[in-house]
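Residues per chain, in single letters:
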Amino acid sequence: MARRRDPAVHAAVKVLLTGAAGFIGTAVGRELAARGHEVVGVDAYIPQAHPAGGTPPDGIAQLDVRRADEWSSMLRGIDVVCHQAAMVGSGVAVADMPLYAGHNDLGTAALLAAMHEVGAHRIVFASSMVVYGEGRYSCPEHGQVEPAPRSIEALDRREFDNRCPRCDLTLGWETVDEDARLDPRSSYAASKLAQEHYTSAWARQAPGSAVALRYHNVYGPGMPPNTPYSGVAALFRSAVEDGRAPEVFEDGAQMRDFVHVDDIARANALAVEAVAVAPVDHRAVYNVCSGQPVSILDVARAVARGAGSDLEPIVSGRYRPGDVRHVVASPERARTELGFTAQVGPTEGLVRFATEPLRP
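The written sequence of each chain sets the order in which its residues are numbered from 1. Only residues with pLDDT of at least 70 are given local features in this predicted model, and only at 80 or more are side-chain atom pairs given and counted; all residues enter the totals for whole chains, interfaces and linings. For side-chain calculations, the full set of non-hydrogen atoms in the structure is used, while hydrogens and water are omitted.

## Focus: the overall build of the protein
For the protein, the helix and strand inventory stands at nine helices and 17 strands. Radius of gyration: over C-alpha atoms. The globule rule applied is 2.2 Å multiplied by the number of residues raised to the 0.38 power. For the protein, whose C-alpha radius of gyration is 20 Å, the value lies close to the compact-globule estimate of 21 Å for 360 residues. Across its three principal directions, the C-alpha atoms of the protein cover 60 × 45 × 45 Å. Residues are treated as being in contact if the distance between any of their heavy atoms lies within 4.5 Å. The long-range fraction of contacts in the protein, counting pairs at least 24 apart against all pairs at least 6 apart in sequence, stands at 82%. Per-residue and other accessible areas were derived by the Shrake-Rupley procedure at a 1.4 Å probe size, with only the shown protein chains allowed to occlude residues. Total accessible area on the protein stands at roughly 15,200 Å², and carbon and sulfur atoms take up 51% of it. His is not counted here, nor are the chain ends, while Lys and Arg score as positive and Asp and Glu score as negative. Where a charge lies is defined by one atom per residue type: Lys uses NZ, Arg uses CZ, Asp uses CG and Glu uses CD. In the protein, 35 positive and 44 negative side-chain charges are present, and the distance between their average locations comes to 1 Å. Helix and strand definitions here come from DSSP, where helices need a minimum of 4 consecutive H or I residues and strands a minimum of 2 consecutive E residues; each element is numbered from the N-terminal end.

Below you can see the structure in the form of structure tokens.
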């Protein structure tokens, strides 16, 4: 059980929450408010995150972080910025590159500059496990090794596992900690790593205090339904609801960590409370994960089971060239430094997710 901190122990802070109307932002705002913090919400309401269109809910200003200099007055009196606004997904098409660079990188840089202008010097922001690229691997003969990118020829032959570059044995996966090599493999991943670099540079120059939270695969109620930018759990669910067997790429043995959105929200609240009292020029990064690895095939099966369906997932062997084989996080640093341990495991959470309400 996580060491949940009593909100009364911590002085209430005023938080500016970007992406406040989004899937994760909504959960973060709810958790912050429940812990006694004052939340000021902004959201650009981009169509990739809000496919139904419309405007943000009452109490959330429709503002674009790329133009943060135009609304920097909203940052006055803010204790901590919690930055969730982003263009999400795995980089669906090359044509999306300017969107990722604009919303994620320019947006973060503009927000940091506006913060500095008004004297706001503390930020918690959403990064992602995609910055790691491939996870960590070991060879039974040569120990820990870094595999080369999987070749198209091998993938076409349905040879999906990474192999040792020295002896060609199949590599086993290990958990990835925050000090692992970073090797983004998609436009989205590159943009998230750039966000980390911009924020780290800002923390030195401003100076300021920054915490990066590297989310692993997030799911839960309020998730966007079947769009190219949705997570794989939502895509599996949409297939089952349409009476189709969910399609699993490669051989389904890819290992990932799936973390519930309520746990993501708690991790953000703990990070906000920590950075609010951190020394100036403080920089930290944490994996936010369940600590319970699961295969993609088992994810599809859990979602189908939760929906009461007897559809067996189709393991198609298809692949995406930018995908990685395994990436599984170590939860230890977040546990020891933030006091964060996930409360919802994927076995329970993914089954429950199959019938929870999604975003309209």
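Once the structure has been displayed, the description carries forward.
## Considerations on the side chain of Arg359
Relative to the helices and strands, Arg359 is located in the segment after helix H9 (346–353). Relative accessible area decides the class of each residue, using a 1.4 Å probe on protein chains only: under 20% of the type maximum gives buried, over 50% gives exposed, and in between gives partly exposed. Whenever a carboxyl oxygen of Asp or Glu lies within 4 Å of a side-chain nitrogen of Lys or Arg, that contact is scored as a salt bridge. Buried and unpaired, Arg359 has Asp43 as its nearest opposite-charge partner, separated by 7.2 Å. Reaching out from Arg359, the side chain makes a polar contact with the backbone oxygen of Gly22 at a distance of 3.3 Å. Sequence-distant contacts of Arg359, that is, excluding residues within four places in its chain, are made with Ala21, Gly22, Phe23, Thr26, Ala49, His50, Gly222, Met223, Pro224 and Pro225. Counting of polar contacts relies on pairs of N or O atoms within 3.5 Å, with two restrictions inside protein: one atom must be capable of donating a hydrogen and the other of accepting it, and residues adjacent in sequence are counted only when both atoms are side-chain atoms.

## Side note on the pairing of strand S4 (residues 80–83)
Side chains Val80 and Cys82 of S4 all project onto a buried face; the interleaved residues Val81 and His83 project onto the opposite face, where all are buried too. Taken together, the four bridges between strand S1 (residues 14–18) and S4 define a ladder with parallel strand orientation. In the sheet register, Val15 faces S4, and the bridge partner there is Val80. Note that S4 and strand S5 (residues 122–128) share three bridges and pair parallel. Only strands that DSSP links by at least two bridges are regarded as paired with each other.

## Brief notes about the pattern of salt bridges
Evaluation of the coordinates by the stated rule reveals 27 salt bridges. With its nearest N and O atoms 2.5 Å apart, the salt bridge here joins Arg335 to Glu332. Here Arg335 and its partner Glu332 are both found in helix H8 (residues 332–338), three residues apart, which amounts to about one turn of the helix. The network of salt bridges with shared partners includes Arg150, Asp161, Glu250, Asp251 and Arg325.

## With respect to the sheet that holds strand S17 (residues 328–329)
By definition, the strands of a sheet pair up through backbone hydrogen bonds, in either a parallel or an antiparallel sense. Across the sheet, which stays open at both edges, the four strands sit in the order S7-S6-S8-S17 with mixed pairing between neighbours. Bordering the open sheet on either side are strand S7 (143–145) and S17, each of which pairs with just one other strand. Judged from the three bridges that link them, strand S6 (residues 136–139) and strand S8 (residues 172–176) form a sheet pairing that is antiparallel. If you follow Arg136 over to S8, its bridge partner there is Glu174.

## Re the pairing of S8
Note: S8 against S17, two bridges, orientation parallel. Note on S17: the bridge partner recorded for Val176 is Ala329.

## Considerations on the packing of aromatic side chains
Under the pairing criterion, centres of Phe, Tyr and Trp rings, with the six-membered ring standing for Trp, must be within 6.5 Å; the plane angle then separates stacked pairs below 30 degrees from edge-to-face pairs above 60, leaving the rest tilted. Within this structure, the stated rule accounts for three aromatic pairs. Taking 6.4 Å as the distance between ring centres and 55 degrees as the angle between the ring planes, the aromatic pair formed by Tyr219 and Phe258 counts as tilted. Residue Tyr219 is found in strand S10 (residues 217–219), and its partner Phe258 is found in strand S13 (residues 258–260); the two are separated by 39 residues along the sequence. For Tyr219, a relative accessible area of 0% translates into the label buried. Each residue in the set Tyr219, Phe258 and Phe353 is aromatic and connected to the rest through ring pairs, giving one cluster. When the ring centre of Phe353 is taken as origin, the NZ or CZ atom of Arg237, which lies over that ring, is 5.6 Å away. A ring is considered to have a charge above it if a Lys NZ or an Arg CZ atom is located within 6 Å of its centre and within 35 degrees of its normal.

## Things to note about the packing of helix H7 (residues 296–306) against H9
Only the contacting stretch of a helix is used when fitting its axis, a line to C-alpha atoms as for every element, and angles between N-to-C directions run 0 to 180 degrees. Direction vectors running N to C along H7 and H9 enclose 50 degrees, while the axes themselves pass 7 Å from each other. Judged by the inter-axis angle, H7 sits oblique to H9. At the point where H7 passes H9, the crossing takes the right-handed sense. Where H7 approaches H9, its residues Val299, Ala302, Val303, Arg305 and Gly306 are matched on the opposing element by Leu350, Val351 and Phe353. Under the scheme applied here, ten amino acids are nonpolar (Ala, Val, Leu, Ile, Met, Phe, Trp, Tyr, Cys and Pro), four are charged (Asp, Glu, Lys and Arg), and all others, including Gly, are polar. For the contact of H7 with H9, the residue count by class is six nonpolar, one polar and one charged. The scheme is simple: roughly parallel for angles under 35 degrees, roughly antiparallel for over 145, roughly perpendicular for 65 to 115, oblique for anything else. Should the near helix be turned anticlockwise from the far one by less than a right angle, the crossing is left-handed, and should it be turned clockwise, the crossing is right-handed.

Remember, this is a structural readout, not a statement about activity or role.
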